[in-house]
Amino acid sequence: APVYIRYTVPIVYACYGTASEIKPIPDNQNIEFTYYDETGSRVLGNGESYSIPQINQTMRYVVVGSMEGCDVSKKVTVFALSNPTLRVTEDVEVCKGANAALSVVSPASGTNYYWGGIGSNEGTTYTATNVLDKVVIPVYAVKNYSSTSSSAPACTPSKVVTVTPVETPNFQISSSAE
C-alpha cells in the first residue's frame, strides 16, 4: 500500500523577543518530524514540535515529515511582530499628599495603554492621587495583531513607574535679623 504523508504547518506569529514553537498538525500520528534551518541543511530538532527560545526576526524553516522511509518537506515562516513603543518616566517624585500625573511619552497609534493591569485604567495618562507612601504602578502597552491573523498574539511590553512622596520642607521664618 502506498504511504501518504499529510500534514499542515501553521504560520507562526510571535512578538519580538519572545519564545514560540513550530507545531505541525499531522493527519496520521505515525509521522515523525525533523526541523531544519531555511536552507534545509542544518538539523535544528526532532519531535512533535520545535521550540524557538527567542524570536528576533522573521525567519523561514523547513519541516520534514517522515514515515516508512518516505519524506515530505514543507516550509513555514515564523513572523516576528514588533512590540509597541512604551516610554514613560519611571521614577517620579511628588510632595507628600499631592497627586502625580503620569503619561506615556509619544504614544503609538493602534496601541492601547493600561495602568495597574491589562484591562484597567486604559489611556495614555493616569493620576496617582493623594500619594502618602511610595506607589509602584505597572503600565502596559498592548498592540493587537488579530487583524493580521487570528492566531497572532497581542504584543504587550510593560514598565513600572515608581512614585515617591517627599516631605514638604517646613521653614521657620523669623522677623529678627542677625
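We now examine the overall build of the protein. Across its full length, the protein holds zero helices and 16 strands. In terms of overall size, the protein is more extended than a compact globule, its C-alpha atoms giving a radius of gyration of 26 Å where 178 residues would be expected to give roughly 16 Å. Per-residue burial over the protein gives 32% buried out of 178 residues. Of the contacts formed within the protein by residues at least 6 apart in sequence, a portion of 61% connects residues at least 24 apart. Surface exposure of the protein reaches about 11,000 Å², of which carbon and sulfur atoms provide 47%. Here the protein contributes 11 positively and 15 negatively charged side chains, and the mean placements of these two sets differ by 8 Å.

A few words on unusual backbone geometry. The bulk of non-glycine residues show a negative phi, and the bulk of peptide bonds are trans. Although it is not a glycine, S106 adopts a positive phi angle of roughly 50°. Mapped onto the elements, S106 comes out in the loop between strand 11 (100–103) and strand 12 (111–115). Backbone geometry places N121, a non-glycine residue, at a positive phi of 50°. In this structure, N121 sits in the loop between strand 12 and strand 13 (125–128).

What follows deals with the packing of aromatic side chains. Under the criterion given, the structure shown has five aromatic pairs. Ring centres of Y7 and F33 lie 5.0 Å apart, and the angle between their planes is 75°; this geometry places the pair in the edge-to-face category. On the criterion of sequence distance, the pair formed by Y7 in strand 1 (residues 7–8) and F33 in strand 5 (residues 32–36) is long-range, its members being 26 residues apart. Both residues of the pair, Y7 and F33, belong to the buried class. Centre to centre, the rings of W115 and Y126 are 5.8 Å apart; their planes meet at 15°, and the pair counts as stacked.

Another point: the pattern of salt bridges. Once the charged atoms of two side chains with opposite charge are near each other, the side chains can pair. This model, assessed by the stated rule, comprises three salt bridges. A salt bridge links D37 to R42, with the nearest nitrogen and oxygen atoms 3.9 Å apart. For D37, a relative accessible area of 17% translates into the label buried. Measuring nitrogen to oxygen at the nearest pair gives 3.8 Å for the salt bridge that ties K159 to E90. Of the two residues, K159 is situated in strand 16 (residues 158–166) and E90 in the loop between strand 9 (70–81) and strand 10 (91–95); the sequence distance between them amounts to 69 residues. Judged by its relative accessible area of 28%, K159 is partly exposed.

Let us look at the sheet that holds strand 8 (residues 59–67). Strands sit in the order 2-9-8-5-6 across an open sheet of five strands; the sheet is mixed. Only two strands of the sheet have a single neighbouring strand rather than two, namely strand 2 (12–15) and strand 6 (43–46). Averaged over neighbouring strand pairs, the angle between their axes works out to 25° when direction is ignored. As defined by bridge partners, strand 5 adjoins strand 8 across five bridges and the pair is classed as antiparallel. Bridging across to strand 8, Y35 finds its partner in V63.

This part is about the side chain of T111. Position of T111 among the secondary structure elements: in strand 12. Overall, T111 belongs to the buried group, its relative accessible area being 10%.

In terms of residue burial, strand 5 counts as a mostly covered element, since four of its five residues are buried. Linking strand 5 to strand 6, which pair antiparallel, is a turn of six residues; within it G40 sits at a positive phi near 80°.

Conventions adopted
- Residues numbered from 1 in each chain as written.
- Predicted model: local features only at pLDDT ≥ 70, side-chain atom pairs only at ≥ 80, totals over all residues.
- Heavy atoms only, no water.
- Helix = DSSP H or I, 4+ residues; strand = E, 2+ residues; numbered from the N terminus.
- Rg over C-alpha atoms; globule rule 2.2 N^0.38 Å.
- Buried < 20%, exposed > 50% of the residue type's maximum accessible area, 1.4 Å probe, protein only.
- Contact = heavy atoms within 4.5 Å.
- Areas by Shrake-Rupley, 256 points an atom, 1.4 Å probe, with all protein chains shown as cover.
- Lys, Arg positive; Asp, Glu negative; His and termini not counted.
- Charge placed at Lys NZ, Arg CZ, Asp CG, Glu CD.
- Phe/Tyr/Trp six-rings, centres within 6.5 Å; stacked < 30°, edge-to-face > 60°.
- Salt bridge = Lys/Arg side-chain N within 4 Å of Asp/Glu carboxyl O.
- Pairing = 2+ DSSP bridges.
- Axes fitted to C-alpha atoms, helices over the stretch in contact; angles between N-to-C directions.

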